[in-house]
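Here are the chains, one letter per residue:
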There are 2 protein chains.
Amino acid sequence: MTSTSQAHTVSETVQKATLAKKAAPKLGLLTTEQKNKALLQMADALTAEAQSIIAANGEDLQRGRENGTSDALLDRLALNRQRIEEMADGLRQVTFLTDPIGETLESFERPNGLQIRKIRVPLGVVGMIYEARPNVTVDAAGLCLKTGNAVVLRGSSSALSSNKRIVEVLHGALAKTDVPVDALQLIVDPSRSSVDEMMKLNGLIDVIIPRGGAALINNVVKNASVPVIETGAGICHTYIDESAQLDMALQIAINAKVQRPSVCNSMETLLIHRAFAERHLAMIADQFVQQRVELRGDANTRKLVPAIHEASAQDWDTEYNDYILNVRVVDGLNEALEHIRLHSTMHSECIVTEDAANAARFLQEVDAAAVYHNASTRFTDGFEFGFGAEIGISTQKLHARGPMGLPELTSIKYCIKGSGQIRD
Amino acid sequence: MTSTSQAHTVSETVQKATLAKKAAPKLGLLTTEQKNKALLQMADALTAEAQSIIAANGEDLQRGRENGTSDALLDRLALNRQRIEEMADGLRQVTFLTDPIGETLESFERPNGLQIRKIRVPLGVVGMIYEARPNVTVDAAGLCLKTGNAVVLRGSSSALSSNKRIVEVLHGALAKTDVPVDALQLIVDPSRSSVDEMMKLNGLIDVIIPRGGAALINNVVKNASVPVIETGAGICHTYIDESAQLDMALQIAINAKVQRPSVCNSMETLLIHRAFAERHLAMIADQFVQQRVELRGDANTRKLVPAIHEASAQDWDTEYNDYILNVRVVDGLNEALEHIRLHSTMHSECIVTEDAANAARFLQEVDAAAVYHNASTRFTDGFEFGFGAEIGISTQKLHARGPMGLPELTSIKYCIKGSGQIRD
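Residues numbered from 1 in each chain as written. Chains lettered and ligands numbered in written order. Predicted model: local features only at pLDDT ≥ 70, side-chain atom pairs only at ≥ 80, totals over all residues. Heavy atoms only, no water.

**A word on the overall build of chain A**
Broken down by element type, chain A carries 15 helices and 16 strands. Its C-alpha atoms give chain A a radius of gyration of 24 Å, within 12% of the compact-globule value 22 Å for 424 residues. The C-alpha extent of chain A, read off along each of the three principal axes, is 75 × 70 × 40 Å. A total of 424 residues make up chain A; the buried ones form 57% of that total. Partitioning the contacts of chain A with sequence separation of at least 6, the portion at a separation of at least 24 is 72%. (Helix = DSSP H or I, 4+ residues; strand = E, 2+ residues; numbered from the N terminus. Rg over C-alpha atoms; globule rule 2.2 N^0.38 Å. Buried < 20%, exposed > 50% of the residue type's maximum accessible area, 1.4 Å probe, protein only. Contact = heavy atoms within 4.5 Å.)

So this is what it looks like as structure tokens:
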């Protein structure tokens, strides 16, 4: 078999993942300065090439309009000078973040004289499978570079022209730096088979991070043999306890629902203590309706406010990401905890209360990435937590949980120095 | 459908995982004292019931002999009073280890006044799929209990009678404590379908740790949708550099191969610098042969010691776990690094050298869980690292890498205290 015919049998996905894998070791050896210089080059290139990126984005938008894509989705897809400048600024911000690579996490000596150091190293090759927004392309490229990881990107076909142009621009920038251009790979095969293949590339890809809707994430979680960090799904609850301050409870609940309903840390279900509900539910419901939120309630809720429609059994397990809210009246903390245990996706949960014991119990007993006392669940976010970056919000318990910053894109290794020690 | 007929449609695996999942939240709330008391009860029960465990083990051994199981495997399966006492002592040792649960890992305040604490919590439900040795049953039960995790065990059918009796004894012990008995579950269905099912129980099992041969681990890695911590496979290399001290190099190499060839941190391939090989390979080969090790070499090795058989292409990627060793003569560090990059399973790798620059490069550039300078790879072990326990050795980069002690059996959560903060 000639090498030409061999090349034909290897898919784009395997080819590009192989290139990324080859680049990865070099990436792990770069200094912080080398990486930061490359980030600034990338940022400047985006700014300089804004026009050609907007032109490519125009192709995606036109295709989208022809395919009947909703205005909301088109808006998320659309790039303009300001959005491109924001992406470039994002890369510049990453230069200010502490480089985690090479950090000594632990260092100890064993009785036999072995000196063991646990140090942070890159994961290797990160695979991203994601939808729509082209800014994920830039964010992922920047965060993976800063953490010494090569990255294989598989964006959605709806943003293909934009992503292609962005990666061309970033490649052009990397070519002027010490960073191997191959460290950044974009899969352009728009078929499902490239996703299916990518998920099985054990040995070439070290971790896959899916970002997008529930269908995309479920597909990856169910079918990947490469380790996955599950992100995204958020059925978040706010429980208003009997002793809650009315004003605070109302503001937190409204904020958790309507400040940005489309995101994973927004609230889907409001649980209210019976005594509090008897006093205030009518007013609270009215406030939500004024914010154009459709309410769906259990029987006790509808006894107090008959205008509220009945919630179906399925509603309690639905992430609306929309102006819809489930409301349930509960007898107290125990019932709230039980409801959350049964319906939570373990993302973000909140109790509003003035009762310290109830707050402590809620914080301890609720099993979620982020558990709040008297604050909106909308704060579960890498920037709001002060991480300066975020590649996603993990809803699993392995490796990373909650907002993932730079350290969550790293692994460790043990370096051991001896003087001839052997094992008895 | 009546509840009785429903119960018939639920498999043993789902039933037991559901019980574990229900027990898990209670487990996370136990104090260190409650857990330690339970560990001591479990240890005492094993000691007290040694005779009935040995009797059950006898059934496994008899079945094994009837099925033509090898003596080596029968030996690993066999329990006697001393081995049971060692398992009990293992549980007692775990009481002395620091309880990681509840530890505050980070604590910070945001400009808006939010107080964020990152604390250690249990993973939830740990699934173990493992082979042969019944001591894994006890080890896993003890380590999971100390870390507040419920555990679902699926041991091999060859140890089923032993595992059943051990778990009965441990359940009897737990019944006298504050630990819910349901926290410890053993799947007794010996068919492959219970393994297949267990690997897909997302939502009931939080992580699966496979322990056993390559076939078992590959099956879990390829087919699980539950997050997996891959353990075990070890194609470990020792590279003897030009400047190595002969005595030290020989001792380390012999130790890495023969001190216990059946385990994952033993050496499979010896790489030797050409200049060193020209002076010493004949003597080194002789020493290995005296230790009953079969050598397989590349062309350069066979030029120096023609008696060595030729290694096949496949041999360099084979984990022998036996008295067989590949030998390759390399031109220097670069070629050694390249060989390791291509053939390592990223478990444990060693350089023997007196050259500080070469040692530093090896430690930095080799991508493995444990990288050694002048010490045997056999030290990659939770006890040798001083962790006081080990549930396995991770060969993946996500969550845990290298020997996994108690902290590796935990996750984190963010607890956030506010005073009414909402997001702008």
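After that view of the structure, there is still more to cover.
**Topic: the packing of aromatic side chains**
A complete count under the given rule lists 6 aromatic pairs over all chains for this structure. Note on phenylalanine 385 of chain B and phenylalanine 387 of chain B: the rings are 5.8 Å apart at their centroids and 85° apart in plane angle, and the pair reads as edge-to-face. Here phenylalanine 385 of chain B and phenylalanine 387 of chain B have matching classes, each one buried. Chaining the aromatic ring pairs together yields one cluster made of Phe385 and Phe387 of chain A together with Tyr414 of chain B. (Phe/Tyr/Trp six-rings, centres within 6.5 Å; stacked < 30°, edge-to-face > 60°.)

**What to know about the state of the cysteines**
The term disulfide refers to a covalent linkage connecting the sulfur atoms of a pair of cysteines. All names here are of chain A. With the rule as written, the count across this model stands at 0 disulfides over all chains. Cysteine 264 takes part in no disulfide bond, and the closest cysteine sulfur to it belongs to cysteine 236, at a distance of 7.0 Å. Its relative accessible area of 18% is what places cysteine 264 among the buried residues. (Disulfide = S-S within 2.5 Å.)

**Brief notes about the packing of helix α14 (residues 333–343) of chain A against helix α15 (residues 356–365) of chain A**
Residue and element names in this part refer to chain A. Direction vectors running N to C along α14 and α15 enclose 20°, while the axes themselves pass 11 Å from each other. As summarised for this structure, α14 and α15 are arranged roughly parallel, according to the angle between their axes. Both α14 and α15 take part in a crossing whose hand is right-handed. Each of Leu333, Asn334, Leu337 and Ile340 in α14 lies in contact with α15, whose residues at this interface are Asn358, Arg361, Phe362 and Glu365. (Axes fitted to C-alpha atoms, helices over the stretch in contact; angles between N-to-C directions. Parallel < 35°, antiparallel > 145°, perpendicular 65-115°, else oblique. Left-handed = near helix turned anticlockwise from the far one by under 90°.)

**A look at the domain arrangement of chain A**
Residues and elements named next belong to chain A. What the domain assignment lists for chain A is domain 1 (3–230 + 400–417) and domain 2 (236–384). One C-alpha centre belongs to domain 1, the other to domain 2; they are set 35 Å apart. Contact residues are listed per partner, giving 4 residues for domain 1 and 8 residues for domain 2. Together domain 1 and domain 2 conceal approximately 410 Å² of surface at their shared face, both sides included; 52% is due to carbon and sulfur atoms. It is Arg133, Arg401 and Pro403 in domain 1 that bury the most area against domain 2; as a group they hold 85% of the surface buried on that side. Here domain 1 and domain 2 share 1 salt bridge between them. (Domains from an automatic or database assignment. Buried area = accessible area lost by both parts, 1.4 Å probe. Salt bridge = Lys/Arg side-chain N within 4 Å of Asp/Glu carboxyl O.)

**What to know about helix α10 (residues 214–223) of chain B**
Among the residues of α10 of chain B, Leu216, Ile217, Asn219, Val220 and Val221 of chain B are the ones counted as buried. Those residues of α10 of chain B that are buried are in contact with β3 (125–130), α9 (192–198) and β6 (207–211) of chain B.

**Details of the pairing of strand β13 (residues 370–375) of chain A**
If a strand is regular, its side chains alternate between the two faces of the sheet. Burial analysis of β13 of chain A places 6 of its 6 residues in the buried class, which makes it a mostly covered element. Sheet topology note: the strand β12 (residues 348–352) of chain A/β13 of chain A ladder contains 4 bridges and is parallel. Looking at β13 of chain A, one finds that serine 348 of chain A is bridged to alanine 370 of chain A. For the crossover that starts at β12 of chain A, traverses α15 of chain A and ends in the parallel β13 of chain A, the hand is right-handed. Inspection of the sheet shows β13 of chain A paired to strand β16 (residues 410–421) of chain B by 5 bridges, in the parallel sense. Following the sheet pairing, alanine 370 of chain A is matched in β16 of chain B by tyrosine 414 of chain B. (Pairing = 2+ DSSP bridges. Right-handed = clockwise from strand over helix to strand, strands pointing away.)

**Overview of the sheet that holds strand β11 (residues 324–330) of chain B**
Across a sheet, paired strands are connected by hydrogen bonds in the backbone, their directions being either parallel or antiparallel. Strand order in the open sheet made by the 10 strands is β1(A)-β2(A)-β16(A)-β13(B)-β12(B)-β7(B)-β8(B)-β11(B)-β9(B)-β10(B), with mixed pairing throughout. Whereas interior strands pair on both sides, the edge strands pair on one side only; in this sheet they are β1 (104–109) of chain A together with β10 (309–310) of chain B. As paired strands, strand β7 (residues 236–240) of chain B and strand β12 (residues 348–352) of chain B are joined by 4 bridges and run parallel to one another. Considered in β12 of chain B, the bridge of tyrosine 239 of chain B is made with isoleucine 351 of chain B. Against the sheet, helix α11 (residues 246–258) of chain B contacts β16 (410–421) of chain A together with β7, β8 (267–273), β11, β12 and β13 (370–375) of chain B, and its axis sits at roughly 160° relative to β8 of chain B.

**Section: the interface of chain A and chain B**
Taken together, the contact between chain A and chain B spans 71 residues of the former and 71 residues of the latter. On the chain A side of the interface with chain B, the three residues burying the most area are Leu398, Tyr414 and Arg423 of chain A, jointly 14% of the side's total. On inspection of chain A and its partner chain B, the count reaches 5 salt bridges. Between aspartate 381 of chain B and arginine 423 of chain A there is a salt bridge, and its shortest N-O distance comes to 3.6 Å. Across the contact surface, chain A and chain B share 39 residue pairs in polar contact (both at pLDDT 80 or more). If you list the elements that add at least two residues to the side of chain A that touches chain B, you get β2 (115–122), α10 (214–223), α11 (246–258), α15, β13 and β16 of chain A. Here the side of chain A that touches chain B gets 11 residues from one element, more than from any other, and that element is β16 of chain A. (Polar contact = N/O pair within 3.5 Å; in protein donor to acceptor, adjacent residues only side chain to side chain.)

**Considerations on the environment of threonine 238 of chain A**
Residue and element names in this part refer to chain A. Assignment of secondary structure puts threonine 238 in strand β7 (residues 236–240). Remark: the alpha-carbon pair of threonine 238 and tyrosine 372, spanning 134 residues in sequence, is separated by 8.9 Å. The contacts of threonine 238, once residues within four sequence positions are left out, are Ile252, Ala256, Met267, Thr269, Leu270, Leu271, Cys350 and Val352.

**Brief notes about the relation of the copies chain A and chain B**
If you rotate chain A by 180° and push it 0.0 Å along the axis, it lands on chain B with an RMSD of 0.0 Å. Both copies of the chain, as the preceding transformation shows, are related through a two-fold rotation axis. Rotation axis and chain A: the residue whose C-alpha lies nearest the axis is histidine 399 of chain A, separated from it by 1.8 Å. (Least-squares fit on C-alpha atoms with pLDDT ≥ 70 in both.)

**Some remarks on the environment of alanine 400 of chain A**
Tracing the sequence through the fold places alanine 400 of chain A in the loop between β14 (392–394) and β15 (402–404). Excluding anything up to four places from it in sequence, alanine 400 of chain A contacts Ser394 and Glu408 of chain A.

**Thoughts on the sheet that holds β13 of chain A**
Pairing is mixed in the open sheet, where 10 strands are placed in the order β10(A)-β9(A)-β11(A)-β8(A)-β7(A)-β12(A)-β13(A)-β16(B)-β2(B)-β1(B). Edge positions in the open sheet fall to β10 (309–310) of chain A together with β1 (104–109) of chain B, since each of these has one partner strand only. In this structure, β7 of chain A lies alongside strand β8 (residues 267–273) of chain A, joined through 5 bridges in parallel fashion. Paired with cysteine 236 of chain A across the strands is methionine 267 of chain A, a residue of β8 of chain A.

**Structural notes on a positive patch on the surface**
There is a patch of like positive charges on the surface, built from Lys200 and Lys222 of chain A together with Lys200 and Lys222 of chain B. Within the element layout of this structure, lysine 200 of chain A appears in the loop between α9 (192–198) and β6 (207–211). (Patch = residues over 30% accessible without salt bridge, like charges linked within 9 Å, V, L, I, M, F, W, Y side chains within 5 Å. Areas by Shrake-Rupley, 256 points an atom, 1.4 Å probe, with all protein chains shown as cover. Lys, Arg positive; Asp, Glu negative; His and termini not counted. Charge placed at Lys NZ, Arg CZ, Asp CG, Glu CD.)

**Quick look at the packing of helix α4 (residues 50–66) of chain A against helix α8 (residues 160–174) of chain A**
All names here are of chain A. Close contact between α4 and α8 brings their axes to 7 Å; oriented N to C, the two are set at 160°. Relative to α8, the element α4 lies roughly antiparallel. Seen along the crossing, α4 lies across α8 with a hand that is right-handed. Seen from α4, the contacting residues are Ser52, Ile53, Ala56, Asn57, Glu59, Asp60 and Arg63; seen from α8, they are Leu160, Ser161, Ser162, Arg165, Ile166 and Val169. Looking at the contact of α4 with α8 residue by residue, the classes come out as 5 nonpolar, 4 polar and 4 charged. (Nonpolar A, V, L, I, M, F, W, Y, C, P; charged D, E, K, R; others polar.)

**Description of helix α15 (residues 356–365) of chain B**
Residue and element names in this part refer to chain B. What α15 keeps buried is the set Ala359, Phe362 and Leu363. Buried positions in α15, seen along its axis, are confined to an arc of 95° and lie on one side of it. Those residues of α15 that are exposed and aimed more than 90 degrees away from the buried face are Ala357 and Gln364. The opening residue of α15 is aspartate 355, an N-cap whose side-chain oxygen sits 2.9 Å from the backbone nitrogen of alanine 357. (Arc of directions from axis to C-beta.)

**Section: the pattern of salt bridges**
All names here are of chain A. Within this structure, the stated rule accounts for 49 salt bridges over all chains. The shortest N-O distance in the salt bridge between glutamate 49 and arginine 165 comes to 3.1 Å. Within this pair, whereas glutamate 49 is found in the loop between α3 (32–48) and α4, its partner arginine 165 is found in helix α8, the two being separated by 116 residues in sequence. You can call glutamate 49 partly exposed: its relative accessible area is 31%. Here arginine 165 falls in the partly exposed class, since its relative accessible area comes to 21%. Each member of the salt-bridge network shares a partner with another, and the members are Asp44, Glu85, Asp89 and Arg92.

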